[in-house]
Structures are given as C-alpha cells and as structure tokens.
Amino acid sequence: MSKIHIVSNRLPLSIQQEENSFSLAPSVGGLATGMRSIYKEYGGKWIGWPGLAKDDLTEDEILEIDDKLVDEDCLAVHLSKEEINLYYEGFSNNVIWPLFHYFAQFIDYNHDYWEAYKKVNHKFAQKVLEVVDDGDIVWIHDYQLLLVPELIKSVKPNVTIGFFLHIPFPSFEVFRILPWRNELIKGMLGADLIGFHTYDYERHFFSSVRRLLGYEISFNEIHLEDRIILADAFPMGIDYDKFENMAKEIAHKPLSERSDLHRELEKYFLVSPDRKLILSIDRLDYTKGIPNRLHAFEKFLIKYPEFRNKVSLIMLVVPSRDEVEQYKLLKSEVDELVGRINGQYGGVNYTPVWYFYRSLPFENLIELYSTSDVALITPVRDGMNLVAKEYIASRINQSGVLIISEMAGAVKEMGEAIIINPNNEAEIADSIHQALTMSMEEQKRRMRYLQDRIRRYDVFKWSREFIKGMKKVEKLQHNLLAKRITPTVSRELVEHFSKAKKRAIFLDYDGTLVDFKNDPQAASPDAELHKLITALEKNEKNTVTIISGRDRETLERWLGDHKVNLIVEHGVWLKKIGEDWQMLHNISSSWKPTIRPILESFVDRTPGTFIEEKNYSLVWHYRNSEPEQGELRANELKDELREMTANHNLEIMEGNKVIEVKAGGINKGVAAMRFLSDTQYDSIIALGDDWTDEYMFRELPKSAYTIKVGMKKTEAAYKVESVKSVRNLLKELGKN
Ligand code: GDG
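Treat the numbers as computed from the prediction; the structure is a model and nothing was measured. (Residues numbered from 1 in each chain as written. Predicted model: local features only at pLDDT ≥ 70, side-chain atom pairs only at ≥ 80, totals over all residues. Heavy atoms only, no water.)

Student: In this structure, what is going on with the side chain of Ser463? I would like to understand it.
Tutor: Inspection of the secondary structure puts Ser463 in helix α17 (residues 459–481). Relative accessible area serves as the criterion here: at 1%, Ser463 is assigned to the buried category. When sequence neighbours within four positions are dropped, the list of residues in contact with Ser463 reads Gly34, Met35, Ile38 and Trp139. (Helix = DSSP H or I, 4+ residues; strand = E, 2+ residues; numbered from the N terminus. Buried < 20%, exposed > 50% of the residue type's maximum accessible area, 1.4 Å probe, protein only. Contact = heavy atoms within 4.5 Å.)

Here you go:
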C-alpha cells in the first residue's frame with residue numbers, strides 16, 4: 001500500500017525540555033488532530049520543525065530528540081535561530097501572511113528573507129526525499145512551504161503531491177505585487193492537487209496561474225505541458241465530537257467540580273437574570289478585526305443603552321508574534337480601547353469588556369463557548385476561522401447566535417448565522433442587538449442547520465475527501481499518460497516506419513512543429529525545422545503533408561521550397577508537390593460581410609485581440625487578451641455566432657485561443673482521407689495538437705499512428721509532450 005506522508009512547518013508535537021531529558025506532548029490543534037489519524041493509518045511520516053532552535057541544542061540532544069520522534073513516526077527538520085528568524089518570522093509572517101491577507105502595506109521586502117525561505121524549503125524537501133518512495137502520497141501544508149511541492153516533484157515525479165493552503169489566496173491584483181510571485185506559484189504547481197478553504201481562493205489562484213504563467217485551465221484542471229493538476233475547495237472542519245462531548249461533560253459536572261473560570265462566569269449571571277455574554281476568541285493578529293469589534297461593541301452600548309450593565313464582551317486574545325512591530329502596535333491599540341470602554345461604561349458590578357490576553361486550557365475554552373449567548377467573529381480576512389465552528393459544536397442545547405464576518409472562509413458554510421461586514425461598525429452594533437433579542441425558537445432553528453452541516457463535514461471527513469482527491473488526480477493523470485509514447489512504442493513505430501515502402505506523414509504546423517507565438521506571423525520555421533523536413537522529404541519513400549489551418553500565402557512562403565504537400569485552411573486547399581493550388585471543396589465566401597462586423601465588434605471591445613482573414617474563413621485571435629476576459633468573450637462570441645452560422649451552413653471551430661468561422665463540412669479528416677484516396681500507403685503517421693486535428697485522428701485508418709501533442713484527452717492512439725518531443729521523433733524518422 002502506498003504511504004501517506006504529512007509535511008507542515010511544525011510537527012504535531014511539542015517538546016518539553018526537562019532536567020536531563022526531553023518529553024513529547026501531542027499538540028491539540030485542529031490540523032494535528034485531523035492528520036494524526038491519517039499518517040498513522042497509512043504508515044507514513046510527519047515531517048516538520050520540532051519547535052526548538054538547533055543552536056540551543058547539543059549534537060547529543062538533537063539525536064535524542066530525533067530518536068524520540070521516530071517512535072511517533074515523526075522526522076525533524078532542525079532549524080537554526082537565524083533560519084527561524086528569516087524564513088518563518090521573516091518571509092512567512094512578514095511577507096506572505098500580510099500579502100495573502102490583503103495587508104500589502106505591512107510587507108517587508110527583504111531579500112534575505114527570500115533567500116532563507118528558499119533554503120529552508122529545500123531542507124524540508126530534502127527530508128521528505130529521504131523517506132518517500134515512488135507511488136507514495138505526500139500532503140504538504142500551508143504558506144511556509146509553498147516551494148516544497150515543486151522541489152519534490154522535480155526529483156520524484158511518481159509521487160502524488162497534495163498541497164493545502166490554510167490562509168486565503170489573494171486576488172491577482174494583490175498577488176502580483178510580490179517580486180517572487182512566479183517562483184511561488186511555480187512551487188505550488190509541483191503539487192498534483194491543490195486545496196483551498198473556499199472556491200474564491202481557488203479562482204484567485206487560477207487567475208494568477210493564467211496571467212503569470214499562461215497555462216490553460218478548464219473547469220478545475222490546470223493543463224501543464226506534461227501533467228494535469230487539480231485544484232479544489234475543501235473547507236476544513238473540526239473534530240466536532242471532541243467539542244460536543246466536552247460541552248456535555250462540563251454541563252453534567254456538579255458545581256463543586258467546576259473550574260474557577262466557570263464559577264466566575266456563573267457569578268456574573270447571578271447578578272441579574274437578563275445578563276448576557278458575547279464571546280470572541282482569536283490570536284492577536286491584525287487580520288482578526290479586534291479593534292473594529294471593540295468600536296462596534298462601543299457603538300452598540302451607545303445606541304442601545306438599555307443593555308449597559310447587562311451585556312459584556314469576553315475577549316480571549318491569544319498572544320502571537322509579539323516580537324513584530326505591527327503586533328506590538330496592535331496590542332497597545334487593543335489595550336487602550338479596552339481601557340477606555342471599561343472606564344467609560346463600566347461600574348462597580350459591571351465590566352463591559354472582559355479581556356484575557358493569554359491562552360486557556362481546552363476545558364476553559366469549552367466553558368466559554370457553552371456559556372456565551374453570542375459569538376462575535378469579525379476578522380477583516382481569515383482563511384477559514386475554526387473558532388466559529390467550535391462555538392457551534394459546543395452549543396449542546398442549540399441556543400446561541402453566531403455573528404460572523406463575510407471575510408472569513410467559514411461564512412460560506414454559515415448561511416444561518418448573522419453575517420456582517422467587519423468594516424461596518426454600525427451594522428455590527430445592530431447585529432449584536434439582533435442576536436441578543438432573537439427568540440429562542442429562532443436561535444434553535446438556525447443552530448440546528450449549522451450543527452448538522454458542521455458535524456457532517458468534520459476534520460476527518462475533510463482529510464478523507466482531500467485524500468480521495470489525491471487518488472482521483474493520480475488516476476486521472478495515469479489515464480492521461482496512458483497513451484504517452486513509451487520507449488518501446490517509439491521503437492515499434494520507428495521499426496514499422498523503416499520497414500514500410502510507402503509512407504504518408506501528416507504534420508499539423510502550429511503547436512506541433514513550432515511553439516505558439518504571440519504574433520502568428522512570427523511563427524516561421526527555424527533552421528532546425530527546415531533541416532528535419534529536408535531529411536524526411538529527401539527519402540523518396542516518404543510523402544510529407546503539412547496539414548494546417550493557416551492560409552495559402554503564409555505556408556507557401558514558409559515551406560514552398562520544400563518537397564512537401566500543403567493542405568491549408570483546414571482542408572479547403574491542397575497544393576501537391578510541384579503542382580498548383582487546387583480546391584478540395586467548392587465553397588463560397590459570400591458570408592464574410594455578414595460575419596466580419598460581429599468579429600470586429602469583439603475586437604473593439606476586447607483589447608489584444610485581432611482578426612485574421614483567410615480565403616474561406618475568418619479567425620478571431622485572443623491569445624494576447626487578458627486571459628479571463630478572452631475566455632469570457634470567446635464564449636459570448638460563440639453564442640452570438642451560433643444562430644448566424646446555422647443559417648449560412650458555416651462551422652465555428654475553436655482552436656488554441658482562436659475562434660474560427662468557416663464553411664461547414666470541411667475539416668482535416670475529410671481532407672486527409674481525400675489525399676490518401678489516390679495512393680496506397682503502408683505506413684501512415686499523423687501528428688497534431690488541437691481539436692481541429694481530432695477530425696484527422698478520427699478519420700484515418702486504425703492502422704495509422706495518430707499522435708497528439710500535449711496531454712489533453714484525444715482520439716489519437718498516442719501522445720507526446722511537446723513540440724520538442726515531436727522534433728525528436730521526426731529526427732528519428734528522418735534517419736530511416
Ligand atoms: C489558520 C488560518 C484557518 C484559540 N485560543 C485558544 C485556543 N485556540 C484555538 C481555537 C482554534 C484555533 O486556536 C484558532 O484557529 P483559527 O482557525 O480561528 O485561526 P488561525 O490560528 O489564524 O489559523 C485560519 C486555520 O488556519 C485552519 O486552516 O481557519 O483562517 O488563519 O482551534 O480553538 N485553544 C486553546 N486555548 C486557547 O486559549 N486550547
């Protein structure tokens with residue numbers, strides 16, 4: 001069975017230094033819980049940083065830690081203080097974190113950070129490579145390790161790699177700000193499956209892939225030269241039962257056994273029966289919207305003074321990254337705001353904001369969740385936000401109201417919550433009022449829906465679904481690669497070819513013999529191509545035919561000196577060696593004046609596009625447009641043309657970034673078969689890259705070697721990866 005390895009910045013354990021040795025304690029975070037079951041079940045390893053700087057440890061201590069970790073199937077990537085400072089605090093938390101959360105003004109563009117990030121990502125990849133075998137699965141987590149997928153893939157292409165991003169992926173307009181944007185995105189594309197919390201992050205990622213690297217994307221597949229990658233949304237869940245069970249346990253505890261915090265909370269409610277609590281829990285981070293929450297709470301107290309002395313906000317803020325300047329500033333802002341609100345609205349028996357700046361044990365966390373009437377979650381950006389889900393799971397009697405920001409990934413699954421814009425303080429104030437005055441019946445109705453959903457898609461389901469996705473992509477790639485020309489097939493082909501006395505070779509031009517260029521007129525044959533064609537045409541056993549959608553003039557100008565046949569405009573015209581052009585079909589171009597204005601209006605409205613006019617067809621090129629706009633307009637154009645073309649017996653052909661309108665009933669398949677009807681051939685080879693070539697692959701006899709360039713689905717019998725591979729193959733054929 002193939003193993004599944006997990007890679008994350010931190011190992012799911014914390015290491016405690018005791019007097020003469022070390023002890024390990026499991027982490028309680030959601031990721032650790034969800035993944036632990038996976039890598040143990042599949043016999044893999046967890047690779048990550050153990051949390052101690054290696055400069056603080058002796059060689060022997062490092063060995064001792066490594067030994068202890070082996071028992072837990074963990075492998076340590078040991079990092080020095082400097083590496084942690086530059087790679088983790090620096091590039092991860094001072095470049096990627098602010099950028100991906102739309103806080104571009106906080107980015108520290110420090111080149112040393114980037115160098116360290118590359119170096120440490122290499123270290124992680126190296127550790128993985130020590131344990132991974134062909135056929136294994138590697139699941140990499142989060143923004144600290146964006147380069148690791150490619151670093152593994154380039155060495156071990158037969159390992160299936162999953163990557164999950166726990167934070168948002170920003171829009172292209174924000175992502176493009178980064179000097180190292182291409183490297184990061186290429187790093188991610190080493191994965192076979194890329195997971196995000198929401199579809200929005202996924203589409204932002206697609207947009208960056210298209211615009212920065214120009215790869216084609218259809219549905220959720222990214223087409224690379226030699227691979228297909230899937231991206232999808234997998235909203236991360238929580239260990240629902242753990243929260244529910246703890247809430248039940250606490251509810252059944254006798255008064256005497258309750259924690260100090262729990263008793264404090266109960267005292268608060270004893271003062272008056274209509275007292276209520278609002279809860280917020282987050283790490284201290286500028287993305288979590290803590291100041292705006294406090295402002296909004298103050299607005300609520302001003303607008304609804306009848307709730308003063310009755311409603312408090314408990315704010316649990318977990319210290320985080322407190323060495324960083326922005327976090328220090330945020331801390332003082334929050335301290336100040338809390339002080340001011342409490343000073344202004346507080347009294348002897350009433351503290352409006354209970355502010356805890358620390359972390360609490362799990363049990364206390366559940367006490368907070370289960371005692372609070374409202375959870376107020378107001379991030380300005382948040383990948384998912386698990387606190388919202390944990391609140392829902394802890395409400396065992398279905399009371400309670402969740403107010404959640406539309407900027408949290410979790411909101412997509414929370415239609416029944418009260419949804420707010422975190423920058424609209426007046427709206428938040430009103431939402432607090434709405435939550436506090438909501439009838440119990442309504443609270444329960446909403447909470448039941450939320451609970452059903454969050455319970456179903458828990459962290460275990462989430463990880464299983466992701467693994468299912470990795471297996472699916474593995475299969476998909478396997479099927480796509482199934483037709484790839486292996487060395488054996490290549491030998492067979494060359495042998496078959498060399499034995500044949502009369503050989504027909506059909507070659508598409510663009511995307512097959514030459515790579516696409518932004519300007520189609522710039523794709524003229526280079527010296528190598530001329531040499532390859534010459535080698536083939538010199539052998540009189542060969543009949544070479546270039547079969548293309550190009551116009552007569554261009555191909556004749558480029559290849560007219562060769563002893564090759566030319567079939568152009570997808571089969572309208574044929575020029576046999578030494579003869580004049582002949583029309584394979586009698587067609588008219590009287591429809592052009594009707595269609596041209598439509599295409600012109602699309603050119604006017606879509607920058608970067610243009611019309612190419614051939615004798616019997618019109619082509620709208622959109623390769624140089626904004627990729628998404630180009631796709632959108634191409635669909636629009638097809639729609640608009642559909643009615644017209646039916647009336648004129650025309651056909652719309654969709655090539656590679658082109659929409660071509662031409663007379664119906666003509667295609668490369670019909671043309672190739674007409675050509676073959678004159679002579680008997682004992683070997684036929686046809687190569688082409690786009691779907692106009694599929695007609696040819698379909699029509700040619702079964703005995704023909706039909707070869708698709710690229711990894712897309714095809715009716716051809718075989719596939720090769722690129723123009724380069726086509727040229728290598730032709731070189732071989734030219735020797736025989
Ligand atoms: C990142 C993304 C995404 C908090 N205080 C205490 C405590 N916690 C636990 C909560 C919760 C976790 O910490 C916080 O998770 P979040 O999801 O809210 O936020 P981030 O830490 O920013 O996580 C985020 C997440 O990754 C997963 O993909 O949702 O968007 O930013 O589980 O319960 N736990 C204990 N004591 C505390 O005082 N025991």
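From this point, things continue past the structure.
Student: Quick question: what am I supposed to make of the domain arrangement of the protein chain here?
Tutor: Interface size is often expressed as the accessible area that is lost when the parts come together. By the assigned domains, the protein chain splits into domain 1 (4–233), domain 2 (240–456), domain 3 (487–584 + 666–733) and domain 4 (592–663). A separation of 26 Å is found between the C-alpha centroids of domain 3 and domain 4. On the side of domain 4, 18 residues touch domain 3, which itself brings 20 residues to the contact. Overall, the association of domain 3 and domain 4 removes approximately 1,500 Å² of surface from exposure, summing both partners, and the carbon and sulfur fraction of that is 51%. Broken down residue by residue, the surface that domain 3 buries against domain 4 is led by Glu569, Ile666 and Trp691, which jointly contribute 30%. There are zero salt bridges connecting domain 3 and domain 4. At the junction of domain 3 and domain 4, the tally comes to eight residue pairs in polar contact (both at pLDDT 80 or more). Of all the elements, helix α24 (residues 691–699) adds the most residues to the side of domain 3 that touches domain 4, at three residues. Considering only residue class, the side of domain 3 that touches domain 4 consists of eight nonpolar, four polar and eight charged. (Domains from an automatic or database assignment. Buried area = accessible area lost by both parts, 1.4 Å probe. Salt bridge = Lys/Arg side-chain N within 4 Å of Asp/Glu carboxyl O. Polar contact = N/O pair within 3.5 Å; in protein donor to acceptor, adjacent residues only side chain to side chain. Nonpolar A, V, L, I, M, F, W, Y, C, P; charged D, E, K, R; others polar.)

Student: Can you walk me through the site of the ligand in this structure?
Tutor: Taken together, the neighbourhood of the ligand is formed by 21 residues, with His166, Leu360, Asp382, Met384 and Glu390 sitting nearest. In the environment of the ligand, an oxygen atom lies 2.8 Å from a nitrogen or oxygen atom belonging to the backbone of Met384. Relative to its free-state accessible area of 730 Å², the ligand is covered by the protein chains to the extent of 81%. Those elements that place two or more of their residues in the shell around the ligand are β12 (276–283), β13 (311–318), α13 (362–371) and α14 (386–394). The residue inventory of the shell around the ligand, partitioned by class, reads twelve nonpolar, five polar and four charged. (Near = heavy atom within 4 Å. Areas by Shrake-Rupley, 256 points an atom, 1.4 Å probe, with all protein chains shown as cover.)

Student: Mind showing me how you'd approach empty space enclosed by the protein here?
Tutor: Here the idea is plain: a probe the size of a water molecule rolls over the atoms and shows the empty space left. Under the criterion given, the structure shown has two cavities of 30 Å³ or more. Within this model, the largest cavity holds a volume of roughly 420 Å³. If you go around the largest cavity, you meet 29 residues; those closest to its centre are Asp510, Phe516, His621, Asn656 and Val658. Of all the elements in the fold, those that place two or more residues in the lining of the largest cavity are β23 (610–613), β24 (617–621), β25 (650–654) and β26 (658–663). Across the lining of the largest cavity, the residue classes tally to seven nonpolar, nine polar and 13 charged. Inspection of the lining of the largest cavity shows a minimum of three residues originating in each of domain 3 (487–584 + 666–733) and domain 4 (592–663). Volume-wise, the second largest cavity comes out at about 50 Å³. Elements that contribute at least two residues to the lining of the second largest cavity include exactly β16 (401–405) and α16 (440–456). For the lining of the second largest cavity, the element with the most residues is α16, which contributes four residues. Tallied by class, residues from the lining of the second largest cavity come to seven nonpolar, two polar and two charged. (1 Å grid on protein atoms, 1.4 Å probe; cavity = no way out; pocket = protein on both sides within 12 Å on 5 of 7 lines; lining within 4 Å. Points joined across faces, edges and corners; volume = space filled by probe spheres on them.)

Student: I tried to follow unusual backbone geometry on my own but got confused; where do I start?
Tutor: Negative phi is the rule for most residues except glycine; trans is the rule for most peptide bonds. Of note in the backbone geometry, Asp142 takes a positive phi value of approximately 80 degrees without being a glycine. Relative to the helices and strands, Asp142 is located in the loop between β6 (137–141) and α5 (148–153). The phi torsion at His570 lies on the positive side, around 60 degrees, for a residue other than glycine. Here His570 lies in the loop between β20 (565–568) and β21 (573–575).

Student: Before we go on, may I ask you to explain the environment of Leu436 in this structure?
Tutor: Along the chain, Leu436 turns up in helix α15 (residues 425–436). When the C-alpha atoms of Leu436 and Ala251 are compared, they prove to be 22 Å apart, with 185 residues separating the residues in sequence. Setting aside anything within four residues of it in sequence, one finds Leu436 in contact with Lys276, Phe300, Phe307, Val311 and Val374.

Student: Mind showing me how you'd approach the pairing of strand β27 (residues 683–688) here?
Tutor: Looking down a regular strand, the side chains alternate between one sheet face and the other. With six of six residues buried, β27 lies mostly within the body of the structure. The alternating pattern of β27 places Ser683, Ile685 and Leu687 and Ile684, Ala686 and Gly688 on opposite faces, both of which are buried. Judged from the five bridges that link them, strand β18 (residues 503–507) and β27 form a sheet pairing that is parallel. Each residue of the ladder has a partner; that of Ala504, found in β27, is Ile684. Two strands pair when backbone bridges link them, and β27 and strand β28 (residues 705–709) are joined in this way by four bridges, in the parallel orientation. (Pairing = 2+ DSSP bridges.)

Student: What is the right way to look at helix α19 (residues 527–538) in this model?
Tutor: Three or four residues apart is the spacing at which side chains of an α-helix point the same way, because the helix has 3.6 residues per turn. Helix length check: α19 (twelve residues) gives 16 Å between terminal C-alpha atoms against 16 Å at 1.5 Å per residue, within 8%. Among all positions of α19, only Leu529, Leu532, Ile533, Leu536 and Glu537 are buried. Down the axis of α19, the buried set is contained in an arc of 125 degrees. They therefore lie on one face. Along α19, the residues that are exposed and aim more than 90 degrees away from the buried face are Ala527, Lys531 and Lys538. Next to the buried residues of α19 lie β18, β19 (542–547), α20 (552–559) and α25 (723–734). (Expected span 1.5 Å × (residues − 1). Arc of directions from axis to C-beta.)

Student: I keep staring at helix α4 (residues 111–131) and nothing clicks. Help me out?
Tutor: Between its terminal C-alpha atoms α4 stretches 31 Å, which fits the 30 Å expected from 21 residues at 1.5 Å a residue. Buried within α4 are the following residues: Tyr113, Trp114, Ala116, Tyr117, Val120, Asn121, Phe124, Ala125, Val128, Leu129 and Val131. Looking at where α4 begins, the residue whose side-chain oxygen comes 2.8 Å from the main-chain nitrogen of Asp112 is Asn110.

Student: Sorry, what's going on with the packing of aromatic side chains here?
Tutor: Think of a pair of aromatic rings as described by two things: how far the centres are apart, and how the planes are tilted against each other in angle. In the structure shown here, the tally under the stated rule is 39 aromatic pairs. Geometrically, the ring pair formed by Trp139 and Phe466 is stacked, given 4.2 Å between the ring centres and 10 degrees between the ring planes. Here Phe466 lies in helix α17 and Trp139 lies in strand β6, a separation of 327 residues in the sequence. Summarising the burial analysis for this pair, Trp139 and Phe466 share the class buried. Between Phe297 and Phe300 the ring centres are 6.1 Å apart and the planes differ by 25 degrees, which places this aromatic pair in the stacked class. Residue Phe297 and its partner Phe300 are both found in helix α11 (residues 290–303); the two are separated by three residues, about one turn of the helix. Each of the two residues, Phe297 as well as Phe300, counts as buried. In this structure, Arg605 packs its charged tip against the face of Phe602, placed 4.8 Å from the ring centre. (Phe/Tyr/Trp six-rings, centres within 6.5 Å; stacked < 30°, edge-to-face > 60°. Lys NZ or Arg CZ within 6 Å of the ring centre and 35° of its normal.)

Student: Even after reading the chapter, I still don't get a negative patch on the surface, so can you show me in this structure?
Tutor: Together, Glu553, Glu556, Glu579 and Asp580 line one region of the surface with negative charge. Take Asp580: it is sitting in the loop between β21 and β22 (581–583). The class of Asp580 is exposed, set by a relative accessible area of 65%. (Patch = residues over 30% accessible without salt bridge, like charges linked within 9 Å, V, L, I, M, F, W, Y side chains within 5 Å. Lys, Arg positive; Asp, Glu negative; His and termini not counted. Charge placed at Lys NZ, Arg CZ, Asp CG, Glu CD.)

Student: In this structure, what is going on with the packing of α13 against α14? I would like to understand it.
Tutor: The angle between the axes and the distance between the axes are what describe a pair of packed helices. It is at 8 Å that the axes of α13 and α14 come closest, and there the two elements cross at 75 degrees. Considering the angle they form, α13 stands roughly perpendicular to α14. On α14, the residues touching Leu365, Ile366, Tyr369 and Ser370 of α13 are Val387, Glu390, Tyr391 and Ser394. Along the lines of polarity and charge, the residues of the contact of α13 with α14 split into five nonpolar, two polar and one charged. (Axes fitted to C-alpha atoms, helices over the stretch in contact; angles between N-to-C directions. Parallel < 35°, antiparallel > 145°, perpendicular 65-115°, else oblique.)

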